[in-house]
Amino acid sequence: MQEIPQLPFLGDEWRTSSGYTKTLSHVPKVMSQLLSSYSGIPKEDQLAHVQKLRDAAYAQHPYPCMGTFRFLDLDLARHEAYMEHVLAPLCQPSAAGEPEPLFLDCGCCLGQELRKLAVDGVPPRRLWASDIEPRFIELGFELFRDADKLPRDHFLCPGNVFADREDTVGDQLAVLDDRVTILNISAVFHLFDLHDHPRIVDRCLRLLRKDTGRPVLVLGSQAGSREPGVQRLFHGTNSRPFGFHSGESWEALWRGVCGQEQWRDKVAAVEVKAKMFWRVRNQSPDTDEINILTDVDCDKDRNPLQMFQVWVTFKSGP
């Protein structure tokens, strides 16, 4: 097995620096509009509401996305593929006799992306989500106050991306095998060692529809690196590897799995698009709170993020 480079150790300092923000001055503009229009929460009540829910989630699962309020950023709606390749097909009526397109947010956190899709016009019956943490699902319903708007049985939990293909007992995701036309999987791969990533790709491929005759889409964003490798977060017994990809290694991962014995006769083509970017937060509550900067605009010493699209076309017929 090829040795994986070890990137610099990040340590526990993320809890008190870049990985944790104690309070917010305001709820970001886009999320504030969502809470107002969809959840009916007045703007003056939103900050306390969000803070309370964040603290409850972080107390159980201290992920940086919780610690820094990153779940408020609604990354999917900022993805370059959102309008044309996510929202448009999900809002398009299906032809007679044609199965409806289905969207799955794998690793949905509090389900914020699903709520944005619902507000943007996607029929709730087409929306599915999964997470490994049941408490996140419940907190999502509390955050958005929408138990009467979205079907709870479309939130699959625990959704285990490592479920064995030979033993589907207890695999909540199995109900969607061969049914998903658009799969969002953001901030998931980088939580695991690079050696684990082929198993996650395999699980994604099993979920995708294979009878459309057209490319189906996997998309998202995640922490990236100019050189692929592993960083270890936390100290002592809590230490764990986080795996990061360059554009080249990300493409190689998908092509490698699609070329394995179980897929090579089923996959006709795979197209991988990935770009590095940086997210910069503005401080004003009256402006779009996130700026997306390209590689040429940013300090080369900073770790980038990676936005990706993976288009998979399956072979038709036996």
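Worth saying up front: this structure is predicted, and the values here are computed from it rather than measured. (Residues numbered from 1 in each chain as written. Predicted model: local features only at pLDDT ≥ 70, side-chain atom pairs only at ≥ 80, totals over all residues. Heavy atoms only, no water.)

Caption draft 1: Up close: the pattern of salt bridges. Within this structure, the stated rule accounts for 17 salt bridges. The shortest N-O distance in the salt bridge between Arg126 and Glu100 comes to 3.0 Å. Here Arg126, found in the loop between helix H6 (112-119) and strand S2 (127-130), pairs with Glu100, found in the loop between helix H5 (82-91) and strand S1 (103-106); they are 26 residues apart in sequence, far enough to count as distant. One salt bridge connects Lys210 with Asp178, and the closest N-O pair in it is separated by 2.7 Å. (Salt bridge = Lys/Arg side-chain N within 4 Å of Asp/Glu carboxyl O. Helix = DSSP H or I, 4+ residues; strand = E, 2+ residues; numbered from the N terminus.)

Caption draft 2: Structural detail: helix H2 (residues 43-60). End to end, H2 covers 27 Å across 18 residues, agreeing with the expected 26 Å (1.5 Å per residue, within 8%). Within H2, the full set of buried residues consists of Gln46, His49, Val50, Gln51, Leu53, Arg54, Ala57 and Tyr58. Against helix H1 (29-37), helix H3 (64-67) and helix H7 (134-144) lie the buried residues of H2. (Expected span 1.5 Å × (residues − 1). Buried < 20%, exposed > 50% of the residue type's maximum accessible area, 1.4 Å probe, protein only. Contact = heavy atoms within 4.5 Å.)

Caption draft 3: Local environment of the packing of H1 against H6. Orientation of H1 relative to H6, taken along the N-to-C sense of each, is 65°, at an axis distance of 11 Å. Considering the relative orientation of H1 and H6, their crossing is left-handed. Of H6, the residues touching H1 (which contributes Val30, Met31, Leu34 and Ser37) are Gln112, Arg115, Lys116 and Val119. The residue inventory of the contact of H1 with H6, partitioned by class, reads four nonpolar, two polar and two charged. (Axes fitted to C-alpha atoms, helices over the stretch in contact; angles between N-to-C directions. Left-handed = near helix turned anticlockwise from the far one by under 90°. Nonpolar A, V, L, I, M, F, W, Y, C, P; charged D, E, K, R; others polar.)

Caption draft 4: Geometry of the pairing of strand S10 (residues 305-314). Burial within S10 is extensive, with ten of its ten residues counted as buried. Side chains of S10 alternate between two faces, with Leu305, Met307, Gln309, Trp311 and Thr313 and Gln306, Phe308, Val310, Val312 and Phe314 buried alike. Pairing geometry for strand S5 (residues 216-223) and S10, over eight bridges, is antiparallel. Bridge assignment links Ser221 to a residue of S10, and that residue is Met307. (Pairing = 2+ DSSP bridges.)

Caption draft 5: Focus on the side chain of Ser186. Checked against the element boundaries, Ser186 lands in the loop between strand S4 (182-184) and helix H8 (197-207). Here the side chain of Ser186 touches Asn184 through a polar contact of 3.4 Å, side chain to side chain. For Ser186, the contacting residues outside a window of four places in its chain are Cys106, Gly107, Gly220 and Ser221. (Polar contact = N/O pair within 3.5 Å; in protein donor to acceptor, adjacent residues only side chain to side chain.)

Caption draft 6: The arrangement of the packing of H1 against H2 in detail. Put simply, H1 and H2 touch, their axes get as near as 10 Å, and they point 110° apart. One way to sum up the angle between H1 and H2 is to call them roughly perpendicular. Between H1, through Ser32, Leu35 and Ser36, and H2, the contact on the second element is made entirely by Lys43, Gln46 and Val50. Split into classes, the residues belonging to the contact of H1 with H2 amount to two nonpolar, three polar and one charged. (Parallel < 35°, antiparallel > 145°, perpendicular 65-115°, else oblique.)

Caption draft 7: Quick peek at the pairing of S1. Every second residue of S1 is oriented toward a common face, with Phe103 and Asp105 on one face and Leu104 and Cys106 on the other, all of them buried. In this sheet, S2 lies alongside S1 in parallel orientation, the contact comprising four bridges. Bridge pairing links Cys106 to Ser130 in S2. Following the chain from S1 across H6 to the adjacent parallel S2, one finds a crossover that is right-handed. (Right-handed = clockwise from strand over helix to strand, strands pointing away.)

Caption draft 8: Representation of empty space enclosed by the protein. Throughout the structure, instances matching the rule amount to one cavity of 30 Å³ or more. For the largest cavity, the calculated volume is near 90 Å³. Lining of the largest cavity is provided by twelve residues; of these, Asp75, Arg78, His79, Ser221 and Met307 occupy positions nearest its centre. When contributions to the lining of the largest cavity are tallied by element, the ones reaching two or more residues are helix H4 (75-78), S5 and strand S8 (267-281). (1 Å grid on protein atoms, 1.4 Å probe; cavity = no way out; pocket = protein on both sides within 12 Å on 5 of 7 lines; lining within 4 Å. Points joined across faces, edges and corners; volume = space filled by probe spheres on them.)

Caption draft 9: Quick peek at the state of the cysteines. Inspection of the entire model under this criterion finds zero disulfides. For Cys65, which is in no disulfide, the shortest distance to another cysteine sulfur is to Cys109 and amounts to 4.6 Å. When its relative accessible area of 30% is taken as the criterion, Cys65 is described as partly exposed. (Disulfide = S-S within 2.5 Å.)

Caption draft 10: Layout of H8. Here H8 lies mainly inside the structure; nine of its eleven residues are buried. Among the residues of H8, those classed as buried are His197, Ile200, Val201, Asp202, Arg203, Cys204, Leu205, Arg206 and Leu207. Lining the buried residues of H8 we find S1, S4, strand S7 (240-244), helix H9 (247-258), helix H10 (261-264) and S10.

Caption draft 11: Structural context of the nonpolar core. With 43 residues, the main nonpolar core has Phe71, Val86, Phe103 and Leu117 as its most contacted residues. Elements supplying a minimum of two residues to this core: H1, H2, H5, H6, S2, H7 and S5. In terms of residues, this core owes the most to one element, H7, which gives six residues. Excluding its chain neighbours within four sequence positions, the residues that come into contact with Phe71 are Met31, Val50, Arg54, Cys65, Met66, Cys109, Leu110, Gln112 and Leu143. Core analysis: the next-biggest nonpolar cluster, separate from the first, contains 35 residues, Ile200, Leu208, Val218 and Trp263 among them. (Core = buried A, V, L, I, M, F, W, Y, C linked by side-chain atoms within 4.5 Å.)

Caption draft 12: Geometry of the side chain of Arg206. Tracing the backbone shows Arg206 in helix H8. With near-sequence residues (within four places) excluded, Arg206 lies in contact with Ala163, Asp164, Arg165, Asp171, Asp177, Asp178 and Trp263.

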